[in-house]
Amino acid sequence: MGTLVAGAWGLLAGGALVIGATIAWFVQVPARVVAAVMAFGAGVLISALAFDLVQEAAESAGVAPVVGGFAVGAVTYMLANKLLDRFGARHRKRSQDQQPTESDQSGSGRAIAVGALLDGVPESVVLGASLLGGSGVSTAVVAAVFISNLPEGLSSAAGMKQADRSARYVFGVWSSIAVASALAAAMGYLLLGDASAQTVAVITAFAAGAILTMLSDTMIPEAFERTHAWTGLIASAGFLLAFTISQLGD
């Protein structure tokens, strides 16, 4: 039962990507609005990382294992991202004309899809793992992932449309990522069910390191490009919202 519940939460969070992509495909959303929502989502996710993932992991396993897991996660994401950059996935979260077309770079469509999967899986694993304590899924983490996924799907789909990707490609990618998010959350719960608290904490820290690196590499640059001096303030508003949800949830 717990595996199905974890999968459902993962599907809900991943579904925000499809919602964002749908909005971008049918509505001409101003680039500045997309960037502002992206900054807000980044702030929300940073707060969840700090107060609901890393802090709790450190309380469970100690500082040293969590620092190690976080650092390895950050480096692993960076290396994987650099590899995907070579195949045309560097600007996969950009809403304007930065994404290459298939004629510009053959195979870039596949690389962007893999990059989207790389971005979404760590968040979903964390969602599944958060159910292991028996107290239910973390409201703050679910809210953070959902709120951050919405502008991710919106911005990236807008960029895909600018790059002449078809509707079949765009919605195929985000629907697949939503399903993959559900599976990753379910597997996170299933595979870590018998793991020690220290193992779960280290894996959570690993995912948190990957998520923070993803934010810095993909979401924040897109936000700053359009909102400039407002980026920090908007991200701070998102941070405070997630912090408030976390504290009320406790």
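From a predicted model like this one, the values you see are computed outputs, not experimental measurements. (Residues numbered from 1 in each chain as written. Predicted model: local features only at pLDDT ≥ 70, side-chain atom pairs only at ≥ 80, totals over all residues. Heavy atoms only, no water.)

Concerning the overall build of the protein
Moving on, step 1. Within the protein, the secondary structure is distributed over eight helices and zero strands.
Moving on, step 2. Traced from its N-terminal end to its C-terminal end, the protein shows the element sequence α-α-α-α-α-α-α-α.
Moving on, step 3. Relative to a compact globule of 250 residues, whose C-alpha radius of gyration would be 18 Å, the protein shows 17 Å and is just as compact.
Moving on, step 4. If one aligns the C-alpha atoms of the protein with their principal axes, the spans along those axes are about 50 × 35 × 30 Å.
Moving on, step 5. Taken over 250 residues, the protein has a buried fraction of 48%.
Moving on, step 6. Looking at the protein as shown, the accessible area adds up to about 11200 Å², and 67% of this sits on carbon and sulfur atoms.
Moving on, step 7. Here the protein holds 12 positive side-chain charges and 16 negative ones, and the gap between their average locations is 11 Å. (Helix = DSSP H or I, 4+ residues; strand = E, 2+ residues; numbered from the N terminus. Rg over C-alpha atoms; globule rule 2.2 N^0.38 Å. Buried < 20%, exposed > 50% of the residue type's maximum accessible area, 1.4 Å probe, protein only. Areas by Shrake-Rupley, 256 points an atom, 1.4 Å probe, with all protein chains shown as cover. Lys, Arg positive; Asp, Glu negative; His and termini not counted. Charge placed at Lys NZ, Arg CZ, Asp CG, Glu CD.)

Section: the UniProt feature "transmembrane region" (unreviewed entry) in the protein
Moving on, step 1. Following the UniProt record, one finds the feature "transmembrane region" (unreviewed entry) at residues 6-26, 33-51, 63-84, 169-191, 197-215 and 227-248.
Moving on, step 2. In residues 6-26, the share of helix is 100% and the share of strand is 0%. The end C-alpha atoms are 31 Å apart.
Moving on, step 3. Between the C-alpha atoms that bound residues 169-191 the distance is 31 Å, and the span itself is 100% helix and 0% strand. (UniProt positions renumbered as here; feature names shortened; annotations may be inferred.)

Looking at helix 2 (residues 31-61)
Moving on, step 1. Between its first and last C-alpha atoms helix 2 spans 42 Å; for 31 residues at 1.5 Å apiece the expected length is 45 Å, and the two agree.
Moving on, step 2. Taking the largest bend as the criterion, helix 2 deviates by roughly 35°, centred on L49.
Moving on, step 3. Directly beyond the C-terminal end of helix 2, a positive phi value near 100° is found at G62. (Expected span 1.5 Å × (residues − 1). Bend = angle between axes of the 7 residues up to and from the residue.)

A few points about unusual backbone geometry
Moving on, step 1. Phi is positive for D164, close to 65°, though the residue is something other than glycine.
Moving on, step 2. Mapped onto the elements, D164 comes out in the loop between helix 5 (139-162) and helix 6 (167-191).

With respect to the nonpolar core
Moving on, step 1. Ranked by internal contacts, the top residues of the largest apolar core, which has 25 residues, are L45, L49, L53, V141, M214, L215 and M219.
Moving on, step 2. Counting only elements with at least two residues in this core, the list comes to helix 2, helix 4 (108-129), helix 5 and helix 7 (197-227).
Moving on, step 3. Not counting residues up to four positions away in its chain, the partners in contact with V141 are A48, D52, L53, V126 and L127.
Moving on, step 4. Counting 19 residues, the second-largest nonpolar core is a separate cluster that includes A89, I112, M160 and Y169. (Core = buried A, V, L, I, M, F, W, Y, C linked by side-chain atoms within 4.5 Å. Contact = heavy atoms within 4.5 Å.)

Remarks on the packing of aromatic side chains
Moving on, step 1. The final tally for this structure, using the stated rule, is four aromatic pairs.
Moving on, step 2. Here F51 and F239 contribute two aromatic rings whose centre-to-centre distance is 5.8 Å and whose plane-to-plane angle is 65°, an arrangement assigned as edge-to-face. Of this pair, F51 sits in helix 2 while F239 sits in helix 8 (residues 231-249), and the two are 188 residues apart along the sequence.
Moving on, step 3. Each residue in the set W25, F26 and F171 is aromatic and connected to the rest through ring pairs, giving one cluster. (Phe/Tyr/Trp six-rings, centres within 6.5 Å; stacked < 30°, edge-to-face > 60°.)

A closer look at the side chain of S124
Moving on, step 1. Tracing the backbone shows S124 in helix 4.
Moving on, step 2. A residue is classified by how much of its surface remains accessible, and S124, at 3% relative accessible area, is buried.
Moving on, step 3. Excluding anything up to four places from it in sequence, S124 contacts S181, A184 and A185.

Things to note about the packing of helix 1 (residues 2-26) against helix 6
Moving on, step 1. Relative orientation of the contacting elements helix 1 and helix 6 amounts to 160°, with a least axis distance of 7 Å. By the angle class used here, helix 1 and helix 6 are roughly antiparallel. Relative to helix 6, helix 1 is oriented so that their crossing is right-handed. (Axes fitted to C-alpha atoms, helices over the stretch in contact; angles between N-to-C directions. Parallel < 35°, antiparallel > 145°, perpendicular 65-115°, else oblique. Left-handed = near helix turned anticlockwise from the far one by under 90°.)

Some words on the packing of helix 2 against helix 5
Moving on, step 1. Relative orientation of the contacting elements helix 2 and helix 5 amounts to 150°, with a least axis distance of 8 Å. The orientation of helix 2 with respect to helix 5, classified from their angle, is roughly antiparallel. For the pair helix 2 and helix 5, the crossing hand works out as left-handed. Contacts between helix 2 and helix 5 pair V34, V37, M38, F40, G41, V44, L45, A48, D52 and L53 from the former with A140, V141, A143, A144, V145, I147, S148, P151, E152, L154 and S155 from the latter.
Moving on, step 2. Of the residues assigned to the contact of helix 2 with helix 5, the class counts are 16 nonpolar, three polar and two charged. (Nonpolar A, V, L, I, M, F, W, Y, C, P; charged D, E, K, R; others polar.)

A word on a nonpolar patch on the surface
Moving on, step 1. A grouping of M1, L4, V5, W9 and L12 is seen on the molecular surface, where their side chains present a nonpolar patch of about 530 Å² in accessible area.
Moving on, step 2. Looking at the element boundaries, L12 is found in helix 1.
Moving on, step 3. Judged by relative accessible area, which is 41%, L12 ranks as partly exposed. (Patch = residues over 30% accessible without salt bridge, like charges linked within 9 Å, V, L, I, M, F, W, Y side chains within 5 Å. Salt bridge = Lys/Arg side-chain N within 4 Å of Asp/Glu carboxyl O.)

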